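Breakdown of the fold
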Amino acid sequence: MDAVESRAIRGEGTTEAEWRNWPGLAGLPTVSPHDLVPAGSRAVVVAPHPDDEVLAVGGLLAQLADSGTPVEVIAVTDGTASHQGSTEWPPERLAQARPRESLRALHRLGLAGIEPTRLGMPDGGLKEQRAVLAARLVSLLRPRDVVFTTWRNDGHPDHEATGEACAMAAASAGARLVEVPVWGWHWSHPGDARMPWQHAFRLLLSEEAVRRKRAAVQAFTSQLRSDASTGSGPVLRETTVQRAARPYEVVFL
């Protein structure tokens, strides 16, 4: 099995109970919102698909909203390929619905005034567009920005391509890169050597931030319902929803 195949996203994945019972998570060093985004910096969240901004750092965004820290969200795709072969959720409907869901989610986080920058790139086709994406991101970034995005080995091709493009763009723009596992929790297991634990930090979330993040996840209706036209279950599995209720978020620095 090659490295990419070993990160395949199948089934329900590792349960949240398994992660919760692993002492390694509780033993991670902690980091604060101010440590991640110091005064004078801007948090820029680059999401491969609408919902990744919330799944990755929704709790952080809620806390940054309360502190008045400048926040920008860049939506790389509009998530139009989430329901392959569906007549209930064809790409045309998703192109309208998923950006609306993202706006509703940001509102629930406390970021009602944020309008994401939408790049409109092809959902499912970012691997071949990494250089183009990196160039577009460079034009949007400033020195001292802190760029939050999906981890370069997250398992989903779009997540990995976005992480790689962000790494190139951040280096070129003089910004700082913070990578966040989203699907990595699904295919890996406690203590998994494929996860860069030596670079992992835990951001503790307030009860209010957890509440807002949970409410924000529920805004993604298209991803939380079964698809009667294909017989497929929700795109966001129950294990994913449970992870989004953690009282902390893990970032790779």
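Remember, predicted model here, so these are calculated numbers, not experimental data.

Here the focus is unusual backbone geometry. The backbone of aspartate 51 sits at a positive phi, close to 120 degrees, despite the residue not being glycine. You can see aspartate 51 is positioned in the loop between strand E2 (43-47) and helix H4 (52-67). Of note, the phi angle at arginine 144 is positive, near 80 degrees, even though the residue is not glycine.

Scanning the model with the defined rule gives 12 salt bridges in all. The shortest N-O distance in the salt bridge between arginine 212 and aspartate 66 comes to 3.0 Å. With a gap of 146 residues between them, arginine 212 in helix H9 (residues 207-217) and aspartate 66 in helix H4 connect regions that are remote in the sequence. The exposure class assigned to arginine 212 is buried, which follows from its relative accessible area of 11%. One salt bridge connects glutamate 164 with arginine 130, and the closest N-O pair in it is separated by 2.6 Å. Here arginine 130 lies in helix H6 (residues 130-138) and glutamate 164 lies in helix H7 (residues 157-173), a separation of 34 residues in the sequence.

As a further point, take H4. Across its 16 residues, H4 extends 22 Å between first and last C-alpha, which sits within 8% of the 22 Å expected from 1.5 Å per residue. For H4, the principal kink sits at glycine 58 and spans about 80 degrees. Positive backbone phi, at 80 degrees, marks glycine 68, one or two positions downstream of H4.

For strand E3 (residues 71-75), the tally of buried residues reaches four of five residues, placing the bulk of the element in the interior. Note: E2 against E3, five bridges, orientation parallel. Note on E3: the bridge partner recorded for alanine 47 is alanine 75. Chirality of the crossover, the property in question, places the unit of E2, H4 and E3 among those that are right-handed. Bridge count between E3 and strand E4 (residues 117-118): two bridges; the pairing is parallel. By the bridge assignment, alanine 75 is partnered in E4 with arginine 118. In this fold, E3 hands off to helix H5 (residues 91-109), which returns the chain to E4; that crossover is right-handed.

How each quantity is defined
- Residues numbered from 1 in each chain as written.
- Predicted model: local features only at pLDDT ≥ 70, side-chain atom pairs only at ≥ 80, totals over all residues.
- Heavy atoms only, no water.
- Helix = DSSP H or I, 4+ residues; strand = E, 2+ residues; numbered from the N terminus.
- Salt bridge = Lys/Arg side-chain N within 4 Å of Asp/Glu carboxyl O.
- Buried < 20%, exposed > 50% of the residue type's maximum accessible area, 1.4 Å probe, protein only.
- Expected span 1.5 Å × (residues − 1).
- Bend = angle between axes of the 7 residues up to and from the residue.
- Pairing = 2+ DSSP bridges.
- Right-handed = clockwise from strand over helix to strand, strands pointing away.

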